[in-house]
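Below are the chains, spelled out letter by letter.
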Amino acid sequence: MTEGELPDDLTPAEAGMWQAFRNGSVYDLSSGDAVVDDPHGGHPWGPERTVRARIVCWLLLDGPPALAGRVSSLKLAGVQISGPLDLAGGIVVPYVELKGCRFERDVLLPEARFTTMRMVDCSVPRLEAARVHTEGDLHLPRCRFHNGVRLTDAHIGTDLLLNQAIVYRDRSGRSIAADGMTVGQDLQAELLESHGELSLRSAKVGVSLSLRGARLANPYTRLALNAPQLTVGRSMYLTPAGIGSPLLSGATPAQGTRIQRFTCEGGLRLDDGRFGDAIDFEQARFTLTDDQELSLRRVQTPELRFLGKAPARGMVVLSGARVVNLMDRTDSWPGPGRLHMGGFGYENLVPRGPFPLEERLAWVAAATAEYNPEPYERLATVLRAGGEDEDAREVLLAKQRRRRETLPPAAKLWGYAQDWTVAYGYRPGRALVWMALLWAAGSLAFAHAAHPPLKGGEVPHWNATLFALDLLLPVIDLGQVGFWQLRGGWQWLAAAMILLGWILATTVAAGATRLLRRN
């Protein structure tokens with residue numbers, strides 16, 4: 001076959017594709033009828049719109065040279081491709097763009113190398129592309145994959161686009177298996193529909209990962225998004241997307257634009273992830289079963305925007321996570337027993353809307369089914385760093401009250417005494433009030449008490465006020481108590497005054513010790 005000749009066994013449709021490839025032009029076999037041309041519809045496409053996958057592979061791997069002054073490329077529109085498109089291990093130099101095409105069999109690209117590969121609005125039984133390598137983009141927007149996508153250990157030089165794609169699960173239950181994948185710039189999967197497990201374990205995204213408006217559903221197993229050890233250079237967005245208008249990735253939908261929220265039916269796992277800027281859950285909605293989790297264990301990010309709707313069931317786990325700014329709302333967090341944040345570290349609280357201290361204390365209590373001082377101390381530290389010392393003291397007081405419930409009866413009784421008197425030392429002014437009340441009551445009472453001297457000889461002048469104060473002060477001797485003899489009920493009253501004085505002094509000392517330790 002000479003350079004300008006066509007292979008003998010080409011069909012008319014394939015001959016046209018061959019010539020278009022050499023010319024670098026779009027080969028469009030669409031009929032112009034939107035219903036007929038829908039690659040996802042049921043209308044059959046005949047031989048006049050069908051090319052064999054073997055011929056497509058021939059063009060891409062060892063095709064004819066371009067015409068003079070042209071660049072060879074494969075640009076197909078409205079074409080049906082029969083047989084498996086097998087480019088496994090191949091090096092594809094020409095530019096590839098397939099729009100509105102229908103594949104009868106799987107697309108096999110494992111270990112293939114491309115410059116740029118674009119498949120837009122195509123119907124594909126399955127995309128098998130483990131370890132595929134592209135120097136530029138891999139675009140798969142609006143495609144439908146009926147038996148899943150495999151991109152394990154793939155290397156995408158710039159962007160991976162999955163916007164508005166619909167992906168159904170494969171035999172292993174995964175919709176998209178992209179463990180170990182590397183994306184040089186952005187991974188955009190806005191308005192994606194995933195029916196099965198979306199797996200991004202140990203994946204790396206150079207800039208941003210956008211799941212705006214995506215709908216992830218996996219009622220079959222525990223996880224709808226399984227992405228432990230995910231690394232994202234900037235931000236991960238699980239936020240709303242505008243629909244019915246051209247998508248502007250990263251732009252806030254204009255007012256009045258109909259939006260679609262990110263929804264997740266099934267567990268979400270981002271354990272041990274690293275995110276350069278933020279994880280954004282603005283208006284995200286989760287539907288979990290009792291044994292499923294929204295898991296952010298040991299995640300590290302400068303900002304966590306936990307602004308979604310609290311799941312009605314399941315658990316939210318932040319154990320060991322580290323963030324700088326925690327942005328949240330009161331209705332974003334689940335109730336008691338369904339929030340775990342042991343070892344969760346944050347430096348600043350940035351509530352969206354009212355978040356009174358009572359609600360914040362309920363948030364901490366919800367995360368500690370059994371008493372744990374660390375969440376209270378973390379909250380108090382953050383509040384104090386923000387100049388809210390009074391709120392910080394309230395948090396530490398709540399910690400002591402929570403601890404009291406775990407103590408044996410005697411210690412619990414002593415705890416109540418400290419609480420009623422000086423609020424565990426966090427309200428030391430109470431001690432003065434109690435002291436003044438007891439002093440006044442004791443002074444009035446002892447003014448009517450019989451007080452014969454213990455011994456003959458010189459005795460100080462009787463002063464009921466000083467006598468009451470001498471009883472209350474356990475260390476200071478005012479020269480009254482040791483000279484007078486009380487009997488009956490007055491003796492019991494004096495003993496009670498001494499005991500109450502010791503209790504007040506001890507609680508004040510305990511509170512002062514805590515204050516000095518904090519400072």
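Higher on the page you've got the structure.
Residues numbered from 1 in each chain as written. Predicted model: local features only at pLDDT ≥ 70, side-chain atom pairs only at ≥ 80, totals over all residues. Heavy atoms only, no water.

### Side note on the side chain of Glu14
As for its position among the elements, Glu14 is in helix H1 (residues 12-23). Beyond its immediate stretch of four places on either side in the chain, Glu14 contacts Asp9, Val51, Arg52 and Ile55. (Helix = DSSP H or I, 4+ residues; strand = E, 2+ residues; numbered from the N terminus. Contact = heavy atoms within 4.5 Å.)

### Concerning the side chain of Arg212
Relative to the helices and strands, Arg212 is located in the loop between strand E27 (209-210) and strand E28 (215-217). A polar contact of 3.0 Å, which involves the side chain of Arg212, links it to the side chain of Ser210. (Polar contact = N/O pair within 3.5 Å; in protein donor to acceptor, adjacent residues only side chain to side chain.)

### Here we look at the pairing of strand E11 (residues 117-120)
Here E11 shows two buried faces, one formed by Met117 and Met119 and the other by Arg118 and Val120. Of the strand pairs in this sheet, strand E7 (residues 95-99) and E11 are connected by 4 bridges, and their pairing is parallel. In the strand pairing of E11, Glu97 is matched with Arg118. Both E11 and strand E15 (residues 138-139) contribute to a ladder of 2 bridges, which runs parallel. For Arg118, the partnering residue across the bridge sits in E15 and is His139. (Buried < 20%, exposed > 50% of the residue type's maximum accessible area, 1.4 Å probe, protein only. Pairing = 2+ DSSP bridges.)

### Observations concerning the environment of Gly173
The residue Gly173 is located in the loop between strand E20 (166-168) and strand E21 (174-177) in this model. A sequence separation of 23 residues divides Gly173 from Gly196, and the C-alpha atoms of the two residues are 5.6 Å apart. If we skip the residues at most four places from it in the chain, Gly173 touches Gly196 and Glu197.

### Side note on the pairing of strand E40 (residues 300-306)
Across 3 bridges, strand E37 (residues 278-280) lies against E40 in parallel orientation. Each bridged residue has a counterpart across the sheet, and for Asp280 the counterpart in E40 is Arg305. Relative to strand E42 (residues 322-328), E40 runs parallel, the two being bridged by 6 bridges. Counted as the bridge partner of Arg305 is Met327 from E42.

### Some details on a nonpolar patch on the surface
Together, Val433, Trp434 and Leu437 line one region of the surface with nonpolar side chains, adding up to about 300 Å² of accessible area. Here Leu437 is to be found in helix H8 (residues 429-446). The exposure class assigned to Leu437 is exposed, which follows from its relative accessible area of 54%. (Patch = residues over 30% accessible without salt bridge, like charges linked within 9 Å, V, L, I, M, F, W, Y side chains within 5 Å. Areas by Shrake-Rupley, 256 points an atom, 1.4 Å probe, with all protein chains shown as cover. Salt bridge = Lys/Arg side-chain N within 4 Å of Asp/Glu carboxyl O.)

### As for the pattern of salt bridges
Per the counting criterion, the structure on display carries 25 salt bridges. One salt bridge connects Lys99 with Glu97, and the closest N-O pair in it is separated by 3.8 Å. On the accessibility criterion, Lys99 (41% relative accessible area) is partly exposed. Overall, the relative accessible area of 16% leaves Glu97 in the buried class. Between Arg313 and Asp290 there is a salt bridge, with the nearest N and O atoms lying 3.1 Å from each other. Taken together, the residues span a long stretch of sequence, with Arg313 in the loop between E40 and strand E41 (315-317) and Asp290 in the loop between strand E38 (285-287) and strand E39 (293-295) at a distance of 23 residues. Residue class for Asp290 comes out exposed when judged on its relative accessible area of 53%. Via salt bridges that share partners, Arg126, Glu128, Arg150 and Asp170 belong to a single interconnected network.

### Regarding the environment of Ser235
By secondary structure assignment, the location of Ser235 is in strand E31 (residues 235-237). Sequence separation of Ser235 and Gly206 is 29 residues, and the distance between their C-alpha atoms is 10.0 Å. Once residues within four sequence positions are removed from consideration, Ser235 is found in contact with Val207, Ser208, Leu209, Asp277 and Ala278. Side-chain polar atoms of Ser235 contact the backbone nitrogen of Ala278, separated by 3.5 Å.

### Things to note about the packing of aromatic side chains
By the definition in use, this model includes 8 aromatic pairs. Plain terms: the ring middles of Phe344 and Tyr346 are 5.2 Å apart, the flat faces sit at 45 degrees to each other, and that makes the pair tilted. As far as the burial class goes, Phe344 and Tyr346 line up, both buried. Every member of this aromatic cluster is reached through a ring pair, and the members are Phe262, Phe281, Phe286, Phe306, Trp333, Phe344, Tyr346 and Trp363. Above the ring of Phe355, the side-chain terminus of Arg360 is found at 3.6 Å from the ring centroid. Positioned above the aromatic ring of Trp363 is the side chain of Arg360, whose terminal nitrogen or guanidinium carbon lies 4.8 Å from the ring centre. (Phe/Tyr/Trp six-rings, centres within 6.5 Å; stacked < 30°, edge-to-face > 60°. Lys NZ or Arg CZ within 6 Å of the ring centre and 35° of its normal.)

### A closer look at the layout of surface pockets
Reported here for the second largest pocket is a volume of approximately 220 Å³. Listed by contribution, the elements that provide at least two residues to the lining of the second largest pocket are strand E44 (348-351), helix H4 (357-366) and helix H5 (373-385). Of the residues that constitute the lining of the second largest pocket, the class distribution is 8 nonpolar, 2 polar and 4 charged. (1 Å grid on protein atoms, 1.4 Å probe; cavity = no way out; pocket = protein on both sides within 12 Å on 5 of 7 lines; lining within 4 Å. Points joined across faces, edges and corners; volume = space filled by probe spheres on them. Nonpolar A, V, L, I, M, F, W, Y, C, P; charged D, E, K, R; others polar.)

### Description of the nonpolar core
Among the nonpolar cores identified, the biggest contains 111 residues, and Leu211, Leu270 and Phe281 are the most heavily contacted of them. A per-element tally of this core places helix H3 (residues 53-62) first, with 6 residues. Once residues within four sequence positions are removed from consideration, Leu211 is found in contact with Ala189, Leu192, Leu198, Leu225, Met236, Tyr237, Leu238, Thr239 and Phe262. Core analysis: the second largest hydrophobic core is formed by 13 residues, Leu438, Trp462, Leu472 and Ala494 among them. (Core = buried A, V, L, I, M, F, W, Y, C linked by side-chain atoms within 4.5 Å.)

In short, the description is geometric, and any link to function would need to be established separately.
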